[in-house]
Amino acid sequence: MFNSPHRRFNPLTREWVLVSPQRAKRPWQGQVEKTAAPGLPQYDPTCYLCPGNQRAGEVRNPAYDSVFVFDNDFAALLPVEGQTPQAKNQPASLLTAEAENGLCRVICFSPRHDLTLPELPPAQIEAVLCAWAQQTSDLSARADIAYVQVFENKGAAMGCSNPHPHSQVWASGHIPNEPAKELAAQRDYLAEHKRPLLLDYLDEETRLGQRIVATNAHFTALVPFWAVWPFEILLTAHRPVASLPQLTDAEFHALADLFKQVTTRYDNLFQTSFPYSMGFHQAPADGQPHPEWVLHAHFYPPLLRSATVRKFMVGYEMLAMPQRDITAESAATRLREVSETHYKQR
Ligand code: H2U
Ligand code: ZN
């Protein structure tokens, strides 16, 4: 079945993806991405995020020496005390709108302008994870916050505005679309099967082995059966831990290790700084237990067959459903086959 067109079901979002493996060899004469300019300086005097520099929003960064967090100068969400106007609900109309509050912050990984996640020492990756956990617990404690989204846009191909390695956290008064779908699916699955969905899924993938990219005592990274992006990865915890602040020290350590492995393998695949959007899905910030939820991260990289040829989500994808050519199994095999030592460090 997996050599001819078929569709696969994503139980987390309850959506389907079309897989067309017979199409993987089609010729490409379309857009070619620029490769990243080699050799960034350790410090860039014109960078908004480097230590000691003035930001676009006029504030000056401190001379920070590890992870650095600041309120986004151009935040998409504003706190409840702030300027967002109150809801105007018109229930009899199709023009439904409601107020949305929140906070947006930027998290720089390190003072170094030139070092991406896989190039950082493991202890610094762990410091980034701890900052994400700290932001999650601080923002979750607020009465006006329902969900905390931690994410990283990496590379110009994903719309990242600045090469200085950084991530973002957006906390909102409502649960956004993607986590809301996952919440409903995981709740229904637990009610029906008395087991968290992702733990059952992980058992099945561990038994089969073919889509696993890297694993350690507490986390596993795999190309999900229902992957949409060519080299998409799901990085999931081995127990029903609902959010980053609930991880043990050993789990932070293990998560940092898998982050290094996954991002290194990505860079090695096409010997380029591999662009992606990555983010954690954590349980909602409602102070309730979430036995259905298993903490996980999604990596959505756009590259398809080289450092310069990307997948576009257009046409059929926009109008009908996502579609992919290379199978999740072959993507996982290729990610397993590349070295786990970064090509720049060899
Ligand atoms: P990307 O992760 O997509 O590159 O976005 C960077 C964020 O940094 C973006 O949301 C913020 C932008 O608003 N930013 C500041 O808050 N201050 C600055 O001086 C530059 C960028
Ligand atoms: Zn910089």
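Residues numbered from 1 in each chain as written. Chains lettered and ligands numbered in written order. Predicted model: local features only at pLDDT ≥ 70, side-chain atom pairs only at ≥ 80, totals over all residues. Heavy atoms only, no water.

Asker: Hey, could you run me through the site of ligand 1 in this one?
Answerer: Around ligand 1, the structure places 16 residues, and the nearest of them are Ala56, Asn72, Asp73, Ser161 and His166. Note that an oxygen atom of ligand 1 is positioned 2.7 Å from one of the backbone N or O atoms of Ala56. Asn153 places a side-chain nitrogen or oxygen 3.4 Å from an oxygen atom of ligand 1. Surface burial for ligand 1 is 87%, taken as the share of its 470 Å² of free accessible area covered by protein chains. For the shell around ligand 1, the per-class residue count stands at six nonpolar, eight polar and two charged. (Near = heavy atom within 4 Å. Polar contact = N/O pair within 3.5 Å; in protein donor to acceptor, adjacent residues only side chain to side chain. Areas by Shrake-Rupley, 256 points an atom, 1.4 Å probe, with all protein chains shown as cover. Nonpolar A, V, L, I, M, F, W, Y, C, P; charged D, E, K, R; others polar.)

Asker: Is there a simple way to explain the pattern of salt bridges in this structure?
Answerer: One side chain can pair with another of opposite charge once the charged atoms of both are near each other. The final tally for this structure, using the stated rule, is 17 salt bridges. The closest approach of N and O atoms between Glu251 and Arg239, which form a salt bridge, is 2.6 Å. Residue Glu251 is located in helix H4 (residues 249–270), and its partner Arg239 is located in the loop between strand E9 (233–237) and H4; the two are separated by 12 residues in the primary sequence. A relative accessible area of 5% places Glu251 in the buried class. Here the salt bridges share partners, and the residues they tie into one network are Arg8, Glu205, Arg211 and Glu329. (Salt bridge = Lys/Arg side-chain N within 4 Å of Asp/Glu carboxyl O. Helix = DSSP H or I, 4+ residues; strand = E, 2+ residues; numbered from the N terminus. Buried < 20%, exposed > 50% of the residue type's maximum accessible area, 1.4 Å probe, protein only.)

Asker: Would you mind going over the nonpolar core with me for this structure?
Answerer: Soluble globular proteins tend to bury their nonpolar side chains together. Grouped together as the largest cluster of nonpolar side chains are 69 residues, with contacts concentrated most on Trp132, Phe259, Phe280 and Phe299. By residue number, the principal contributor to this core is H4, which donates 10 residues. When neighbours within four sequence positions are excluded, Trp132 is seen to be in contact with Ile107, Phe109, Val150, Ser167, Leu244, Phe259, Met278 and Phe280. Cys50, Tyr64, Phe70 and Cys108 belong to the second largest nonpolar core, which has eight residues in total. (Core = buried A, V, L, I, M, F, W, Y, C linked by side-chain atoms within 4.5 Å. Contact = heavy atoms within 4.5 Å.)

Asker: I keep staring at the coordination of the zinc ion (ligand 2) and nothing clicks. Help me out?
Answerer: Any two of four tetrahedral donors ideally make an angle of 109.5 degrees at the metal, while pairs among six octahedral donors ideally make 90 or 180 degrees. The zinc ion (ligand 2) binds to the protein through Cys47 (SG), Cys50 (SG), His113 (ND1) and His164 (ND1), with metal-donor distances spanning 2.0 to 2.3 Å. Sequence spacing of the donor residues for the zinc ion (ligand 2), all on one chain, is C-x2-C-x62-H-x50-H. With Cys47 in the loop between strand E2 (15–19) and strand E3 (68–71) and His164 in the loop between strand E5 (147–154) and strand E6 (166–172), the pair connects residues that are 117 residues apart, well separated along the chain. As far as burial versus exposure is concerned, Cys47 and His164 are alike and both buried. (Donors = N, O, S within 2.8 Å, 3.2 Å for Na, K, Ca; no water.)

Asker: I'm lost on a nonpolar patch on the surface in this one. Help?
Answerer: Judged by side-chain polarity, Val314, Met318 and Leu319 come together as a nonpolar surface patch covering roughly 370 Å² of accessible area. When you line up the elements, Met318 lands in helix H5 (residues 316–319). What makes Met318 exposed here is its relative accessible area of 65%. (Patch = residues over 30% accessible without salt bridge, like charges linked within 9 Å, V, L, I, M, F, W, Y side chains within 5 Å.)

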